[in-house]
Amino acid sequence: MIPEQHHTHHPALSFWEHLIIMGRGAGQVFFQENALTGLFFIIAIFVAAYHEGNWGVGIGGLTGLVLSTYTAILLKFDRDLVKAGLMGFNGILVGCALPTFLNPSLTMWIYLIVASVAVVVIQGFCMSILRRFSLPSSTWPFVLTGWIFMLAAYHFSALSITGLPSARLYTITHLNKAAYNILFMHIDHPFHDIALQFLHITFLNIAQAFLLNYWLSGVIIVIGLLMNTRVGTLLAIMGSMIAILIARIGYLSDTAMLDGLYGFSATLTAMAIGCVFIPWSRWSFCYAICATIFTVILNAAMVTLLSPVGIPPFTGPYVLSMWIFLAAWSARAIKD
Amino acid sequence: MIPEQHHTHHPALSFWEHLIIMGRGAGQVFFQENALTGLFFIIAIFVAAYHEGNWGVGIGGLTGLVLSTYTAILLKFDRDLVKAGLMGFNGILVGCALPTFLNPSLTMWIYLIVASVAVVVIQGFCMSILRRFSLPSSTWPFVLTGWIFMLAAYHFSALSITGLPSARLYTITHLNKAAYNILFMHIDHPFHDIALQFLHITFLNIAQAFLLNYWLSGVIIVIGLLMNTRVGTLLAIMGSMIAILIARIGYLSDTAMLDGLYGFSATLTAMAIGCVFIPWSRWSFCYAICATIFTVILNAAMVTLLSPVGIPPFTGPYVLSMWIFLAAWSARAIKD
Amino acid sequence: MIPEQHHTHHPALSFWEHLIIMGRGAGQVFFQENALTGLFFIIAIFVAAYHEGNWGVGIGGLTGLVLSTYTAILLKFDRDLVKAGLMGFNGILVGCALPTFLNPSLTMWIYLIVASVAVVVIQGFCMSILRRFSLPSSTWPFVLTGWIFMLAAYHFSALSITGLPSARLYTITHLNKAAYNILFMHIDHPFHDIALQFLHITFLNIAQAFLLNYWLSGVIIVIGLLMNTRVGTLLAIMGSMIAILIARIGYLSDTAMLDGLYGFSATLTAMAIGCVFIPWSRWSFCYAICATIFTVILNAAMVTLLSPVGIPPFTGPYVLSMWIFLAAWSARAIKD
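Quick notes on the rules
Residues numbered from 1 in each chain as written. Chains lettered and ligands numbered in written order. Predicted model: local features only at pLDDT ≥ 70, side-chain atom pairs only at ≥ 80, totals over all residues. Heavy atoms only, no water. Contact = heavy atoms within 4.5 Å. Salt bridge = Lys/Arg side-chain N within 4 Å of Asp/Glu carboxyl O. Polar contact = N/O pair within 3.5 Å; in protein donor to acceptor, adjacent residues only side chain to side chain. Helix = DSSP H or I, 4+ residues; strand = E, 2+ residues; numbered from the N terminus. Nonpolar A, V, L, I, M, F, W, Y, C, P; charged D, E, K, R; others polar. Axes fitted to C-alpha atoms, helices over the stretch in contact; angles between N-to-C directions. Parallel < 35°, antiparallel > 145°, perpendicular 65-115°, else oblique. Left-handed = near helix turned anticlockwise from the far one by under 90°. Least-squares fit on C-alpha atoms with pLDDT ≥ 70 in both. Phe/Tyr/Trp six-rings, centres within 6.5 Å; stacked < 30°, edge-to-face > 60°. Buried < 20%, exposed > 50% of the residue type's maximum accessible area, 1.4 Å probe, protein only. Lys NZ or Arg CZ within 6 Å of the ring centre and 35° of its normal.

Chemist: Is there a simple way to explain the interface of chain A and chain B in this structure?
Modeler: Between chain A and chain B, the contact holds 40 residues from the first and 42 residues from the second. In this structure, the connection of chain A to chain B is made through zero salt bridges. Linking chain A with chain B are ten residue pairs in polar contact (both at pLDDT 80 or more), by the criterion used here. If you list the elements that add at least two residues to the side of chain A that touches chain B, you get helix 6 (106–130) and helix 7 (140–153) of chain A. Here the side of chain A that touches chain B gets eleven residues from one element, more than from any other, and that element is helix 6 of chain A. Across the side of chain A that touches chain B, the residue classes break down as 28 nonpolar, seven polar and five charged.

Chemist: Is there a simple way to explain the packing of helix 5 (residues 89–101) of chain C against helix 7 (residues 140–153) of chain C in this structure?
Modeler: How two helices sit against one another is set out by the angle between their axes and by the gap between those axes. Residue and element names in this part refer to chain C. At a minimum axis separation of 9 Å, helix 5 and helix 7 run at an interaxial angle of 30°. The angle between the axes of helix 5 and helix 7 places the two elements in the roughly parallel class. Helix 7 is crossed by helix 5, and the crossing has right-handed handedness. On the side of helix 5, the interface is formed by Asn90, Leu93, Val94, Ala97, Leu98 and Phe101, while helix 7 contributes Trp140, Pro141, Phe142, Thr145 and Met150. Of the residues assigned to the contact of helix 5 with helix 7, the class counts are nine nonpolar, two polar and no charged.

Chemist: What exactly am I supposed to notice about the relation of the copies chain C and chain B here?
Modeler: Superposition record for chain C on chain B: RMSD 0.0 Å, screw rotation 120°, translation along axis 0.0 Å. Here the symmetry operator amounts to a three-fold rotation axis. Nearest to the rotation axis, the C-alpha of proline 308 of chain C is located 3.8 Å from it, this being the minimum over chain C. Taken as a fraction of all interface residues of chain C, those also at the interface in chain B reach only 10%, which identifies the copy contact as different-surface.

Chemist: Is there a simple way to explain the packing of aromatic side chains in this structure?
Modeler: For any pair of aromatic rings, the description rests on two quantities: the centre-to-centre distance and the angle between the ring planes. In the structure shown here, the tally under the stated rule is 57 aromatic pairs over all chains. An angle of 65° between the planes, with centres 5.8 Å apart, marks the rings of phenylalanine 101 of chain C and phenylalanine 314 of chain C as edge-to-face. Residue phenylalanine 101 of chain C is located in helix 5, and its partner phenylalanine 314 of chain C is located in the loop between helix 13 (282–306) and helix 14 (316–331); the two are separated by 213 residues in the primary sequence. Exposure class is identical for phenylalanine 101 of chain C and phenylalanine 314 of chain C. Each is buried. An aromatic cluster of at least three residues, connected via ring pairs, comprises Tyr287, Phe294, Phe325 and Trp329 of chain A. The ring of tryptophan 329 of chain A carries the charged tip of arginine 332 of chain A above its face, separated from the ring centre by 4.4 Å.

Chemist: Just to check I follow, could you spell out the relation of the copies chain A and chain B for this structure?
Modeler: Superposition of the two copies of the chain requires a rotation about an axis together with a shift along that axis. Mapping chain A onto chain B leaves a residual RMSD of 0.0 Å; the transformation is a rotation of 120° accompanied by 0.0 Å of translation along its axis. Take the interface residues of chain A: only 10% of them recur as interface residues in chain B, which is what a contact between different surfaces looks like.

Written out as C-alpha cells, the structure is:
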C-alpha cells in the first residue's frame, strides 16, 4: 500500500525460504527463531489433533500461520520481522484456538480466515503502542483477537460454540475434593502415582501453550525446544512445575488445573523473563521464579475476571506478567 | 485558569460565530467541520425526538453541545479546537444519550449538566494520552462519559433508568428466528419487502450514530453529509450496508440489529478509515472495508463484554477499530 | 541486581532513618512525607484493629509497609524514592486490605507476603508506563495488586474469603428506604441526630482510605494530617462532605455509603487536585471541587462495573479521577 513510501524492493523469496519462515513462525510461540523447532511444534499440534479427533485444530493452525504471514507481507510490514517468523506466531495460535472452541462449519472457516487477517492488523496496533514503552507485543495480539472473536461468537448463530466456559459469577471458594484427591499427595495414593500425575501435568502445561490437551504433544514441544535452547527448556519445565506447586500450596479448587490450564502462561513467563527478554543470569533466574509465581496468581485472577463473559484468559496472564516484570526491571532507575 | 500562562487574548466571538461553532460541533459527529451540515444533524435529532415523543433528546443534545463548548472556552482549551467544533461533538452525544436511557426529571437534568462539563475534562485527558500515539480521541470521551454516567445511574435512585439493557450473562447462541425471518431473504417474503427492509436499516444505522431510532433522521443526516462530502457519504452508506451483510452471513441472533444498533459504529469506521484519518485512495477504500467488517465483529464482542454490567457499547467499537487500523497502518515501518 | 549498572554506593541507613522511612511510608497514603503524621496513621490503624477485634489488619499493614520498602531497596529502586516513603505506602494499603477481606491463616499470611513483594514490582511497572504521560502512579499499584489478589482468592480454597462483596448483576435502582431514612434529614429525625450522622460519616470516609471502618480512626488521621498541612486537612474534610452531599442529592441507594465506602476516594481526590499535584490556588480549589463530584459518580460507576466479579473499587475512583483531571489540566494547550 502507498508503494511510494516503500522504495525498498525485496528480492522474491524462494520456496525453501517460505517454508523456513513458516517454521520459524511456529517456533516463535516459544520464542525460538528456528524452523526445525517449529516443525516439532507443528507435529505436536497434529499429534494432539489426531488424539482428540479434531483435525480442524491442525488445519486451522497452519491456515492461521500462512494467512497471517502473507497478510503481513501484503501489508508491507518490515521484511525482517516477517523473515524471523514474528508475523506468524500469533496467527498459528488464532488458528488453533478457533476450532478448539467452535464447531467446524463453513462459517467457522470464514471466521477463522477473517481472524487470521485481523490478528496482523491488531499486532501492528500493539507494536505501535508498545514500542513507546519498549515492551514486546508477544502473544498479546493473539489474546486480543481470541477474546474479540470468542465474545462475538455468542451473537452469530451460524457459529456453534462448543468449548468456551459458561458465563458465571464466582462466589465463595470451597475445597474441591475431586481436584485435591486426584492431584496431590492424598494419603491413599502411592508415591509413583503422584509422581506420574505431576509429570503428566508438567507436559500438559507446556502443550496448552498451543491449546493442546495432550501430554505427548508437550513432550514433542520439549524435544523441539531442546534442539535450540537448553536454558529455555529448563526454564519452561521449571515454570510448569512451579505452577503445580503453587496450586498445591493454595489448594487450587479449579479442576482446570488438571488439564494444564493453570500452567501454560507460567511456562511462557519463566522463559520470557529468565532468558528471552532479560539475558540469562542468576539474577534473571530468581526474578523469573518470582514472575512465574505471580503469573499463576494472575491466571487465577483473570479466570474470575473473565468468568461473567464466558471467555478463557488464553496467554493473557503470561503477557501481562511479562510486561509488569520487564517494565519494573527497567523502572528501577526512575526518579519519578 | 492560571491566566499568566495564556498571554494570547482572543478577540470576542460574534453571535454569528457562536452559532457557526455550535453547528460545526454537531457536524463533527460525522467528521464535518460545516455548520450547515451540523444544522441538518440537529434537525435530524429533533425529527426523531418528535417521532419518539421524547423532546428531552433534542433539548439534551443542544444543552450538551452548548455547555461542553463553553466549558472548553472557560477552561481555556485551544481556541482553534473550539472554533472547529471539536470541543462540542462529544457534548451533543452525551446530551442525546442521557435522556435516551434515563427518565426526564430535575435530577436527570442536573446529571446531564454535570456530564456535559465532565466530558470536556475527559476529552482533555484523552487528548493528553492519545497524542503520544498520534491517535485522535474522536468520540471516545463520549463513550467513557456515557459508560461512567450510565453505570453510576444504577446507584442513584433519584435517576430512573428506562432504556439500558438488562444486565445478563450470555450463554450458547441459538438462531433467533424472529430476527432471521423479519430481516433476511426469507422465502415467504417478496423481494421488494426485503429491499425495503434493507434500506430501512441502512438509514437507521446512520441515525443511531446520534442514538436516534428513526430512519427518516438517517435520511436527513445523509442529506447533511452530501452538503459537504460525496466520498464520505458514499462510505457512510457502504459501511452501513456492510454491517447488514455481515449480520446476514453470520446469522446474527440479536434483534438489536433491526434497530440499527449493529451498524452505526461500522458507518463511522468506514468514513474514518476511508477518507478522514487516512486520505481517500483505492488502498484506503479496501482498508476501510476490512476495518468495517472488523467493527461489526468487535461490536458483537463488546455487547457480550458489557452485558454483565448493563451498558451498551455506544460508539466504542468504532473508536477502537479506528485506533487499531490507524495505528497498524503506521506500524508497518516498525522494526520492533 | 546487575550491580555494575549501579555504581552509586549508598551509605547504610541508621536504625532511626529506617523508622523515619517507615513513618513516611504510612504518611504518603495521604501525600504527607512526614513520619510523625505517619505515626498517627499507624495508630489509627491499630485503634480500628482493636475496635474491630481484627489485629491482622494492623500487623498486616506493618508487614506490608516494611516488606515493600525493603523489597524496593533490594531491587535497587531509586534511593530518594525509598527515603521519601514512596515505596512503602502501597505496601501498607495491601497489608491492611488482605486481612480485611480474607480470614487469617498461615496461607493468608504467605499470600500477604507475596502481595507485599508483588506490589513493588507492579509499582515499578506503573511508574515506567505513567512517566511517559507525566502522571503519578499514586495508589494505583495497591489497587491493581488488591484486585489481582482478591480475584485470585476465589480459586484458592486455602484462603477463606470473608469480606468481599458477593458477585451480582445490577438491575434497575430502587429507592433504598433504609439508607434514606437513617442518613438524611428525614422528618422524624431531630436536627442534632442528622448533624451527628453527617459528622460520623465524614470521619468514616477518611478512615476508609486505610480500609478502616471506625470513625475514631478518621479523627486520629485528621489530627495526623493537621501536624503537616492545614490546607490538605481542609480539603480532605471538604472532599468527604461533598461525597455525602452528592449521595443526598442523588438519593444514593447503596447503604455502603453509611460505612464511608463512597467518600474515601473523594477525600483523596480533593487533596490530590486541590493542593498536592496542582499547587493550591482559588482555581485549583474550584477544580478540586469538580474533580471530587466526579469521583463520587465514578465510584458509583465502578461499584457497578466490578459487581459481577465480586471485588470493591478500592481507591481506583480516586486515582482515575486524579489522572483525568490532571491530564486535562495540562491538555488545555494541546492543538490536537
